[in-house]
Number of protein chains: 2
Amino acid sequence: MNYEVLNINSVIEYAAGTPQISAILGNGDYTAKEVGDGNLNLVFIVDNLSNGASVVIKQALPYLRCVGESFPLGEQRMLFEIRSMLFYERSVPALVPQIYHSDEAKYTLVMRNLSEHIIMRKGILECVKYPKFADEITDFIAKTTFATSVFGMDSGKRTKLTEEFAQNTELRKLTEDFVFTFPYMENETNRHNPLIEAAAKAIKSDTQFKAKAMELKYIFMTKAEALLHGDLHTGSVMLNERESFVIDSEFAFVGPIGFDLGAVVGNLLMASIAMDARGKAEYAAWLESTAFEVMDKFAAKFEALLLNGGGAMYGEEYWANTDKSGKNALAQKIIRDILSESIGFAGCKMARRQLGVAHILEIDGVEDDGLRAQVETKVLGIAREMVVRYGEIDSSQKLKQLITDMR
Amino acid sequence: MNYEVLNINSVIEYAAGTPQISAILGNGDYTAKEVGDGNLNLVFIVDNLSNGASVVIKQALPYLRCVGESFPLGEQRMLFEIRSMLFYERSVPALVPQIYHSDEAKYTLVMRNLSEHIIMRKGILECVKYPKFADEITDFIAKTTFATSVFGMDSGKRTKLTEEFAQNTELRKLTEDFVFTFPYMENETNRHNPLIEAAAKAIKSDTQFKAKAMELKYIFMTKAEALLHGDLHTGSVMLNERESFVIDSEFAFVGPIGFDLGAVVGNLLMASIAMDARGKAEYAAWLESTAFEVMDKFAAKFEALLLNGGGAMYGEEYWANTDKSGKNALAQKIIRDILSESIGFAGCKMARRQLGVAHILEIDGVEDDGLRAQVETKVLGIAREMVVRYGEIDSSQKLKQLITDMR
């Protein structure tokens, strides 16, 4: 570690001494508090009490505490968060917090303080419906992945992009292990509700499931379609009823587009099952239908981008002597594959949240062990089918049917 | 250009003044001749007449002449040839010429002079059967791609590998354009026998074919499975009846394994059709059956490597509570995809050699325009079916059936 880890005193000096930050905060007395969960990063809010100005300063820590005991994790991950957030700010400025400053040497990222927005997972627990979320998150996924696909970016720029993110090996490996491997085998990082012991054991000896999980891991590791956020669950979205912002893109890498889409779909489905068990049937139905809406809206938007796009595939000259059907067939094939893979990825993400190290608030917060076990068992059951049958589930209708069949 | 392009005088000074080269050649008077075809690289043979010692010195030229008129091409391609050849020497030393020296600054590669071997394409024209070729080329493909796949290399090393070859954008782009795009549209680099005008025109307006060719291009551009040679046709093999060597790996990049396999299969099939038309039916049958043998042997070898391998997928602990069927199912799925994609890639390579800038000796050497048109038409017909139906052709048996149906 060759950089200074900030604290609530030094962060004030840093803010005051960095023109790009002090320009935002203005003159006055700054105060700071640390609001991060302490697992991966420091997150400071620095306020100027004299004028109400405020910024968030995020700094990477050189270790990860959430896996039982502290283990080292390179602070370099902040480079990938900085690079991806700067790309997002250029590509979809309305969907990420404004970036005031970043420093790859200090591993810091300075952003707008989203004081009027909350983490989506918390909003879900309060049964808040977000009418614009499906539209905004699919704008985010469709636009950012298209822009970095072979359709939206030339080969030379894609080479640079691939190189900029290739070194994010460490966080990619976390996903390889904690999403696609450890939860389905004996591993000391796993934890689950003792009441679902039988179901957890069943997954670990479910040959068909395990083969498909590895198949999806292979796609995750080899399909370099576009720049992904890499961890796009409902804890990486801050929003209110009017606007949504994506944050925490330290897992960013060039991978399969379905992985970002699946993160959103899987987390909405889990939340829906949890909220239903919490007696919020109508809200649960909204969450489920939002998951389907996300699939549909992504498909429609990505199709429009593909058909109007150019890049390596869609040069008008190439298609000059054909009707539109060839271009359409290719676009449909690409979208079908993305949707189908998103179902498999969503299934892995749903299963691992029941069996692996990291659980989700909506389910873990169900205090009654028996009721929680019902939720976990239901999630696992649906997740298992999504993983095993992902190859044939390439539309929201088919996903809906799968879920209906499991009721 | 910031390096000295060698000539037959300066190459002697270079050899004498470079200890790694003079150690091979020994003391004495050196003579040099240039034997390259002049399109892409200089290839010198430097001999020591006093002891019979000899080396090949290859140097990249900063342009490419074969596309009508000279156009610039970065000499950096030699870096990728050097890096991949050095990797091959470690990985499959018996299947590449011994490397005596390489210099990334001078863009030179110094190798064993394979004086007892000829380019396979020339051996084919002389109807030489190579009984060990199928075995050796599948050793090459299976071992080098496995070693650089997620099964044979850890994530950290794969990251470095990806970075080392990511910048080979220029030669990847040549393939994207000249294998997957230009031959199927109006482009000034295309040339074909006037007698196949109708067939050439038909491909250019064949919506189904063009959509599949672009689908294969998408796989070529996004599937980062393993380090590929990238141009593994029968002009990149020097051999005799006893041993085969792979050369000319300047197109090396991390891509879909089926691309190397398809290059071999497609070039054998084209040669077979050409030699049949030249009245060499029995030799043509050997070439065709060798193509099938290459598919079968690759599949068997890659399967053995997969099932005995470890890497990111095959940790014994992961499969501990299952029977072997899961691991087998995954291996079969990966091999099926490679075989099927190899058929599509082979089809593109066969079609482009009839329609695009670069033709092959076995066909272009047929002097009778009418007979040559018959060969070209037959190749195009089979290639078209291979591209359109590649998704279902995942074994040598199915490829054989396709060819039989086309007779």
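Cut-offs and rules
- Residues numbered from 1 in each chain as written.
- Chains lettered and ligands numbered in written order.
- Predicted model: local features only at pLDDT ≥ 70, side-chain atom pairs only at ≥ 80, totals over all residues.
- Heavy atoms only, no water.
- Phe/Tyr/Trp six-rings, centres within 6.5 Å; stacked < 30°, edge-to-face > 60°.
- Buried < 20%, exposed > 50% of the residue type's maximum accessible area, 1.4 Å probe, protein only.
- Lys NZ or Arg CZ within 6 Å of the ring centre and 35° of its normal.
- Domains from an automatic or database assignment.
- Contact = heavy atoms within 4.5 Å.
- Buried area = accessible area lost by both parts, 1.4 Å probe.
- Salt bridge = Lys/Arg side-chain N within 4 Å of Asp/Glu carboxyl O.
- Polar contact = N/O pair within 3.5 Å; in protein donor to acceptor, adjacent residues only side chain to side chain.
- Helix = DSSP H or I, 4+ residues; strand = E, 2+ residues; numbered from the N terminus.
- Pairing = 2+ DSSP bridges.
- pLDDT = per-residue confidence, 0-100.
- Core = buried A, V, L, I, M, F, W, Y, C linked by side-chain atoms within 4.5 Å.
- Axes fitted to C-alpha atoms, helices over the stretch in contact; angles between N-to-C directions.
- Expected span 1.5 Å × (residues − 1).
- Least-squares fit on C-alpha atoms with pLDDT ≥ 70 in both.

One pair of aromatic rings is described through two measures. These are the centre distance and the angle between the planes. If you walk through the whole model with that rule in mind, you get 38 aromatic pairs over all chains. Ring geometry for Y314 of chain B against W319 of chain B: centres 6.3 Å apart, planes inclined by 50°, an arrangement best described as tilted. Here Y314 of chain B matches W319 of chain B in class, with each residue buried. In textbook terms, an aromatic cluster arises when at least three aromatic residues are bridged by ring pairs, as seen for F151, Y314, Y318 and W319 of chain A together with Y218 of chain B. The ring of Y318 of chain A has K210 of chain B sitting right over it, with the charged end atom 4.8 Å from the ring centre. Positioned above the aromatic ring of Y314 of chain B is the side chain of K327 of chain B, whose terminal nitrogen or guanidinium carbon lies 5.1 Å from the ring centre.

With that settled, consider the domain arrangement of chain A. Residues and elements named next belong to chain A. Taken domain by domain, chain A holds domain 1 (10-112) and domain 2 (118-406). A straight line from the C-alpha centre of domain 1 to that of domain 2 covers 27 Å. Across the boundary between the two partners, domain 1 contributes 25 residues, which contact 29 residues of domain 2. Roughly 2,200 Å² of surface becomes buried between domain 1 and domain 2 when both sides are summed, with 67% attributable to carbon and sulfur atoms. Among the residues domain 1 hides against domain 2, the three largest losses belong to F80, Y88 and L95. Together they make up 30% of the total. Our count for the contact surface shared by domain 1 and domain 2 stands at three salt bridges. Here E250 makes a salt bridge to R77, at a shortest N to O gap of 3.3 Å. Counting across the interface, domain 1 meets domain 2 through eight residue pairs in polar contact (both at pLDDT 80 or more).

Attention now moves to the pattern of salt bridges. Enumeration over the complete set of coordinates arrives at 56 salt bridges over all chains. One connected set of salt bridges, linked through shared partners, spans D206, R384, E385, R389 and E392 of chain A.

Next up on the list: the pairing of strand β6 (residues 99-103) of chain B. Residue and element names in this part refer to chain B. Across the five residues that make up β6, a large majority, four, are buried. Across four bridges, the pairing between β6 and strand β7 (residues 108-112) is antiparallel. If you follow I99 over to β7, its bridge partner there is M111. Counting the residues that bridge the hairpin from β6 to β7 gives four residues, and of these Y107 lies at a positive phi of roughly 60°.

The subject of this paragraph is the interface of chain B and chain A. Contact residues are listed per partner, giving 47 residues for chain B and 47 residues for chain A. Carbon and sulfur atoms make up 65% of the area that chain B and chain A hide from each other, which totals about 4,100 Å². Sorting the residues of chain B by area buried against chain A places T207, Y218 and Y318 of chain B first, and these three jointly supply 19% of that buried surface. Where chain B packs against chain A, one counts zero salt bridges. In this assembly, chain B and chain A are joined by 14 residue pairs in polar contact (both at pLDDT 80 or more). Mapped onto the side of chain B that touches chain A, the elements with two or more residues apiece are α6 (155-166), α7 (169-180), α9 (207-222) and α12 (325-355) of chain B. It is α9 of chain B that provides the largest number of residues to the side of chain B that touches chain A, a total of 10 residues.

Another aspect to go through is the side chain of H229 of chain A. Residues and elements named next belong to chain A. Relative to the helices and strands, H229 resides in the loop between β9 (226-228) and β10 (237-239). Polar contacts involving the side chain of H229 include one to the main-chain amide nitrogen of L232, which spans 3.4 Å. A polar atom in the side chain of H229 sits 3.3 Å from the backbone oxygen of D248. Not counting the four nearest positions on each side in its chain, H229 is found in contact with Y88, F140, S236, V246, I247, D248, S249, F251, A252 and D260.

Turning our attention to the environment of S22 of chain A. Residue and element names in this part refer to chain A. Its location among the elements puts S22 in helix α2 (residues 19-25). Given the relative accessible area of 22%, S22 is considered partly exposed. Each C-alpha atom of the pair S22 and F259 lies 38 Å from the other, and the pair is 237 residues apart in sequence.

This part is about the confidence of the model for chain A. Model confidence for chain A is summarised by a mean pLDDT of 94, while 97% of its residues fall at 70 or above. Among the prediction metrics, the complex's ipTM stands at 0.95, with pTM recorded as 0.96.

Considering soluble globular proteins, one finds that nonpolar side chains tend to be buried as a cluster. Formed by 257 residues in total, the largest nonpolar core has its most connected members in F133, F302 and L399 of chain A together with F302 and L399 of chain B. Not counting residues within four places of it along the chain, the set of residues in contact with F133 of chain A comprises M120, V237, L239, S244, V264, L268, T290 and V294 of chain A. Residues L42, V46, A53 and V55 of chain B belong to the second largest nonpolar core, which totals 17 residues.

Further remarks concern the sheet that holds strand β10 (residues 237-239) of chain B. Residue and element names in this part refer to chain B. With respect to topology, three strands assemble into an open sheet ordered β8-β10-β11, the strand pairing being antiparallel. Each of the sheet's edge strands pairs with one partner strand only, and the pair in question is β8 (118-119) and β11 (244-246). With two bridges joining them, β8 and β10 adopt antiparallel strand pairing. Among the inter-strand pairings, I118 is bridged to a residue of β10, identified as L239. Across the sheet, helix α5 (residues 133-147) is in contact with β10 and β11; its angle to β11 comes to roughly 30°.

This part is about the environment of E34 of chain A. Residue and element names in this part refer to chain A. The topology assignment puts E34 in strand β1 (residues 30-34). Residue E34 is classed as partly exposed on the basis of its relative accessible area of 33%. Put simply, E34 and N7 are 27 residues apart on the chain and 8.0 Å apart in space, counted from C-alpha to C-alpha. Residues contacting E34, with those up to four places away along its chain left out, are I8, N41, L42, V43 and F44. Within the structure, the side chain of E34 is placed 3.0 Å from the backbone nitrogen of G36, a separation counted as a polar contact. From its side chain, E34 meets the backbone nitrogen of V43 in a polar contact 2.8 Å long.

Take the sheet that holds β7 of chain B next. All names here are of chain B. Pairing within the open sheet is antiparallel, and its five strands lie in the order β1-β2-β3-β7-β6. The sheet is open, and its two borders are formed by β1 (30-34) and β6, each paired with just one other strand. When the angles between neighbouring strand axes are averaged without regard to direction, this sheet yields 20°. Lying over the sheet, helix α1 (residues 10-17) contacts β1, β2 (41-48), β3 (53-60), β6 and β7, oriented at roughly 130° with respect to β1. Strands β2, β3, β6 and β7 of the sheet are contacted by helix α3 (residues 77-91), whose axis makes an angle of about 35° with β7.

This part is about α6 of chain B. Look at α6 of chain B: 16 Å from first C-alpha to last across 12 residues, which is about the 16 Å you get at 1.5 Å a residue. A side-chain oxygen of the first residue of α6 of chain B lies 3.0 Å from the backbone nitrogen of G156 of chain B; this N-cap is D154 of chain B.

The operation relating chain B to chain A is a screw motion whose rotation component is 180°, with 0.0 Å of axial translation and a residual RMSD of 0.0 Å. The superposition of one copy onto the other is thereby described by a two-fold rotation axis. The rotation axis passes nearest to the C-alpha of K223 of chain B in chain B, at a distance of 2.4 Å. An overlap of 100% is found between the interface residues of chain B and their copies at the interface of chain A, pointing to a shared contact surface.

With that out of the way, let us pick up the side chain of D394 of chain A. All names here are of chain A. By secondary structure assignment, the location of D394 is in the loop between α14 (369-388) and α15 (396-406). Judged by its relative accessible area of 17%, D394 is buried. A polar contact is formed between the side chain of D394 and the side chain of K398, at a distance of 2.8 Å. Setting aside chain neighbours within four positions, we find D394 in contact with R336, L339 and S340.

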